[in-house]
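# Inside the fold
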Amino acid sequence: MFQTASRLITYSLVSLLFINLVSCKIQRVSYFKDVPDSARAQRILQTLTPPAAIVRVDDVLNINIQTLDPQANSVLNQGNLPLNSGAITSMGDRNGQQSIISGYLVDKDGYVHLPYIGDVLVKDLSTQQVKDLVTQKISVYFKDPVVNVRFANYKITVLGEVRNPTTFLVPNENPTIFDALGLAGDITVSGRKDNVMLIRSDANGAKQIVRINLDSTTTISSPYFYLKPNDVLYVEPTEDKVAGESNYRVRDIAVISSAISLMIVIIARLTL
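Residues numbered from 1 in each chain as written. Predicted model: local features only at pLDDT ≥ 70, side-chain atom pairs only at ≥ 80, totals over all residues. Heavy atoms only, no water.

### Focus: helix H3 (residues 127-138)
Structural remark: α-helix, 3.6 residues per turn; residues separated by three or four positions point the same way. In this model H3 runs 16 Å from its N-terminal to its C-terminal C-alpha over 12 residues, within 8% of the 16 Å that 1.5 Å per residue would give. Residues of H3 that are buried include every one of Thr127, Val130, Val134 and Ile138, and no others. Buried residues of H3 fall within an arc of 55° about the axis and therefore sit on the same side. Taken together, the buried residues of H3 touch strand S1 (60-66), helix H2 (70-76), strand S5 (111-114) and strand S7 (146-151). (Helix = DSSP H or I, 4+ residues; strand = E, 2+ residues; numbered from the N terminus. Expected span 1.5 Å × (residues − 1). Buried < 20%, exposed > 50% of the residue type's maximum accessible area, 1.4 Å probe, protein only. Arc of directions from axis to C-beta. Contact = heavy atoms within 4.5 Å.)

Laid out in structure tokens, this is it:
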């Protein structure tokens, strides 16, 4: 009798598990749905020239100057001091630890102070222009200097329906939307790819909000395909997820109730 009851319980639980599994809809994330399913290339998409990132107040620039004098090099690069960035690097851990970056902080007037040459106005310049300007000024003191300039705080924030929503320090100055989504672990099956929100701040602090359709190949030719410092990407949830969250709760309650009812019936039969 107990073996029969045990089998009945097992079969019932397996049946409930099977019903729960088949009721879940399997979805896959895909992009560029307007590209035909074919083994050969249909067309070559032309991307726009990525815009040069412009230096703003409170940016941090890593300015590295190398000369033939090792002692001078240590003095020239001493301004690249560690600063707390408040961001997680793309290669760092995901435990909420703030990363440490180094560089020259652009002051409220748009200047950085460099050894030997003093204050240099870098606001509203690209990193290439800053490099040319610093090279010109430092060449007065040293022969054939090598200057490299890059952003140390090039931050992109990705929020919403992605696997790892957070703020990233990107390693290059021309990241694309897909670079940012890749760092964030890609869009989940519950995220809308056809209506990704991009929030961008201009030099005056004004916000620009645009919608991007990642189901269309026209995104590659969009002026928003390349991201700028401090851009924010937000991936909205699909309507199915919003509606499904309440449906899942109702379904779970129904499954639990059915299981409890079945157990009560089985126990009642065993006690007869």
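### Things to note about the nonpolar core
Formed by 41 residues in total, the largest nonpolar core has its most connected members in Ile63 and Val158. Each residue touching valine 158, except ones within four places of it in the same chain, is listed here: Pro165, Thr166, Phe168, Ala180, Leu181, Ala184 and Leu233. (Core = buried A, V, L, I, M, F, W, Y, C linked by side-chain atoms within 4.5 Å.)

### Re the packing of aromatic side chains
Inspection of every chain in the model, using the stated rule, returns five aromatic pairs. Aromatic side chains tyrosine 116 and tyrosine 141 sit 5.9 Å apart centroid to centroid with 45° between the ring planes, which places their arrangement in the tilted category. Highlighted residues: tyrosine 116 in the loop between S5 and strand S6 (118-121) and tyrosine 141 in the loop between H3 and S7, separated in sequence by 25 residues. A residue is classified by how much of its surface remains accessible, and tyrosine 141, at 46% relative accessible area, is partly exposed. Seen in terms of ring centroids, phenylalanine 151 and tyrosine 154 are 5.9 Å apart; in terms of plane orientation they differ by 85°. Their pairing is edge-to-face. What makes phenylalanine 151 buried here is its relative accessible area of 4%. Taken together, the aromatic side chains of Tyr116, Tyr141 and Phe142 make up a single cluster linked through ring pairs. (Phe/Tyr/Trp six-rings, centres within 6.5 Å; stacked < 30°, edge-to-face > 60°.)

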